[in-house]
Amino acid sequence: MLKPDVIKELSAVVGADHVMTANEDMIIYSNDATMFNAKPEAIVQPGSRDEVVEIVKIADRHHLPVTCRGAGTCLSGGPIPLKGGIVLEMTRMNRILKVDPVNKVAVVEPGVIAFALTTAANKVGLLYPPDPSSLKESTLGGNVSECAGGPKGVKYGITRNFVLGVEAVLSDGSIVKTGNEVDGDMAGPDWTMLFTGSEGTLGVIISITLRLVPIPAVKKTMMAIYDRLEDAAKTVSVTMASGIIPTTLEIMDNLSIVSVENYLKIGLPVKAGGLLLIEVDGVESTVEEDAKRVSEICKKCGASEVKMAKTPAEAEELWLARRSINPAFGQVAPCKFAEDATVPRSLVPVLVEKVLEIQKKYDVPIFICGHAGDGNMHPTIMFDKRNKEQKERAEKALHEVHIVTLELGGTLSGEHGIGFAKAPYLRAETGLAGYKLGQEIKKAVDPTGILNPGKMFFYEGELH
Ligand SMILES: Cc1cc2nc3c(=O)[nH]c(=O)nc-3n(C[C@H](O)[C@H](O)[C@H](O)COP(=O)(O)OP(=O)(O)OC[C@H]3O[C@@H](n4cnc5c(N)ncnc54)[C@H](O)[C@@H]3O)c2cc1C
């Protein structure tokens, strides 16, 4: 528990209503979307940048850990306050400060829900493409801190490709500003990217400048159905090699299809080994042509059927299956390791093959789905942690998924971040020199180490 004097100091900054210390609140804020938890000592909800500065100064003075939190949808343990201290909940700072249709930029506070920006941009004919499945819940502060991805990543890129600048409060309370509204700022190293994906370990992000793009004139959505998942995976690399860049190229295996069908009852092909959900967008003439060519590629690679949506409503129906994966999985087992193993696109078929072998070896259900077009696969290992023996098999399978991904030249995280869930494997990805560099940078930016301690390069458990 924090000392009453410290609570008084915090309350004087944000108001007593925005400082919580009750045990039930601590329990709620001890979690994210993983199955880990650790309780904070207080939750503080700042309403402005000045309040953030003052709270961080108080924390620094009292050597209190500060763990930022957006919506708490993280899949790697990022907002869990491992070392207690303060959870800084950023959702009151939720103003869209500017949407500029001429320069095609938006400036937002970190607590803005991603969908709110998408909606505001659409109103002036612009698109903010990063579209994590948590779009309607997660905050832009969380998206930038985790470098969130989504289905549209294939064509448009992930969050990193849209962050032009941030303002962040450092652990001594100073505000650093990186980048600006110019798309192509080359004044020195890209400090904006230092904060993008830094998972709250370097500074508290208080404003974000984001790039917007024009909304494409038309799009075409199709679903390709396969007897064999391997053929769906092969289609991914053949399509990407063809020169066509689809907007989305999502894969679902039979386990995913069956669990979504059991959940929704929408007539999905439950006997299929796998399916691809593909979208192409752009101007009318090329979209028609691209859709036709992609459909031909699917058939050549073994698709038994390609369903082309004729109306926006039909396209939505095709998307429904993909969007319902998370709740559907929840019905299969109470616990999951939701991975974002990402490999070079050409190696998606190899990763699929390896994951199928791991599934067989450890006899645990592993759903294979994800943003296959940019190599970002979501092997999701399902288990019940109350069953010790099953949990051990799931952990062994998880270990092998990480190792195989790295052996294929991939990354542990294409979008969910490292947090502490994947931190034991981070050194295996970065190498020793890269790992030490990560530690040195953190020490230079946050010398007192109060920002999100115990995560990423400062994991205290055993390293692989
Ligand atoms: C059902 C479901 C679907 C998902 N789908 C996707 C997906 O398709 N793609 C994807 O990339 N992710 C996905 N995720 C993961 C998650 O939604 C993203 O990582 C998201 O970016 C987290 O945002 P948040 O607001 O919930 O942040 P939180 O979970 O609250 O925090 C995430 C990290 O950001 C830090 N942070 C938050 N705000 C700030 C700030 N202002 N300054 C500094 N650090 C900060 C926290 O300390 C933490 O380390 C999904 C999660 C769920 C539950």
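It should be emphasised that the depicted structure is a prediction, and the values quoted were computed from it without experimental measurement. (Residues numbered from 1 in each chain as written. Predicted model: local features only at pLDDT ≥ 70, side-chain atom pairs only at ≥ 80, totals over all residues. Heavy atoms only, no water.)

Student: Hey, could you run me through the packing of helix H1 (residues 4-14) against helix H3 (residues 49-61) in this one?
Tutor: Packed helices, taken two at a time, are described by the angle their axes make and the gap between the axes. Running from N to C, H1 and H3 point in directions that differ by 170 degrees, and their axes come no closer than 9 Å. One way to sum up the angle between H1 and H3 is to call them roughly antiparallel. As H1 packs across H3, the resulting crossing turns out to be right-handed. Residues Val6, Glu9, Leu10, Val13 and Val14 of H1 form the contact with H3, whose own contacting residues are Glu51, Glu54, Ile55, Ile58 and Arg61. For the contact of H1 with H3, a count of residues per class yields six nonpolar, no polar and four charged. (Axes fitted to C-alpha atoms, helices over the stretch in contact; angles between N-to-C directions. Helix = DSSP H or I, 4+ residues; strand = E, 2+ residues; numbered from the N terminus. Parallel < 35°, antiparallel > 145°, perpendicular 65-115°, else oblique. Left-handed = near helix turned anticlockwise from the far one by under 90°. Contact = heavy atoms within 4.5 Å. Nonpolar A, V, L, I, M, F, W, Y, C, P; charged D, E, K, R; others polar.)

Student: Would you mind showing me how to read the domain arrangement of the protein here?
Tutor: When cut into domains, the protein gives domain 1 (4-89), domain 2 (96-214), domain 3 (219-325) and domain 4 (333-442). Each of domain 2 and domain 3 has a C-alpha centre, and these two points are 29 Å apart. Across the contact, six residues belong to domain 2 and ten residues belong to domain 3. For the pair domain 2 and domain 3, the two sides together bury roughly 640 Å², of which 59% comes from carbon and sulfur. The largest per-residue losses of area from domain 2 upon contact with domain 3 belong to Pro151, Val154 and Lys155, which jointly make up 76% of the total buried on that side. Our count for the contact surface shared by domain 2 and domain 3 stands at one salt bridge. (Domains from an automatic or database assignment. Buried area = accessible area lost by both parts, 1.4 Å probe. Salt bridge = Lys/Arg side-chain N within 4 Å of Asp/Glu carboxyl O.)

Student: For this particular structure, what's the right way to read the side chain of Thr139?
Tutor: Along the chain, Thr139 turns up in the loop between strand E7 (126-127) and helix H5 (140-146). There is a polar contact of 3.0 Å between the side chain of Thr139 and the backbone nitrogen of Gly142. Not counting the four nearest positions on each side in its chain, Thr139 is found in contact with Gly70, Ala71, Thr91, Pro110, Gly111, Val112, Ile113 and Ala114. (Polar contact = N/O pair within 3.5 Å; in protein donor to acceptor, adjacent residues only side chain to side chain.)

Student: Where do I start with the nonpolar core in this structure?
Tutor: Proteins that are soluble and globular tend to have nonpolar side chains buried together. Counting residues in hydrophobic clusters, the biggest one holds 44 residues, and the most contacted among them are Ile251, Leu276, Cys298, Leu351, Met377 and Ile381. Considering each element in turn, this core owes the most residues, six residues, to helix H13 (residues 348-362). Viewed by domain, this core spans two of them, domain 3 (219-325) and domain 4 (333-442), each represented by three or more residues. (Core = buried A, V, L, I, M, F, W, Y, C linked by side-chain atoms within 4.5 Å. Buried < 20%, exposed > 50% of the residue type's maximum accessible area, 1.4 Å probe, protein only.)

Student: Can you help me understand the site of the ligand in this one?
Tutor: Residues in close proximity to the ligand total 35 residues, the closest being Cys68, Gly70, Thr73, Ser134 and Thr139. In the environment of the ligand, an oxygen atom lies 2.9 Å from a nitrogen or oxygen atom belonging to the backbone of Cys74. Here Glu199 contributes a backbone N or O atom positioned 3.1 Å from an oxygen atom of the ligand. Taken by itself the ligand offers 980 Å² of open surface, and the protein chains cover 94% of this. If you list the elements that add at least two residues to the shell around the ligand, you get strand E3 (66-69), H5 and strand E10 (204-211). The element best represented in the shell around the ligand is H5, accounting for five residues. Here the residues of the shell around the ligand sort into twelve nonpolar, 19 polar and four charged. (Near = heavy atom within 4 Å. Areas by Shrake-Rupley, 256 points an atom, 1.4 Å probe, with all protein chains shown as cover.)

Student: Quick question: what am I supposed to make of the environment of Ala428 here?
Tutor: Residue placement: Ala428 occurs in helix H15 (residues 426-445). The partly exposed category is assigned to Ala428, whose relative accessible area is 41%. Put simply, Ala428 and Gly188 are 240 residues apart on the chain and 30 Å apart in space, counted from C-alpha to C-alpha. Each residue touching Ala428, except ones within four places of it in the same chain, is listed here: Leu406 and His464.

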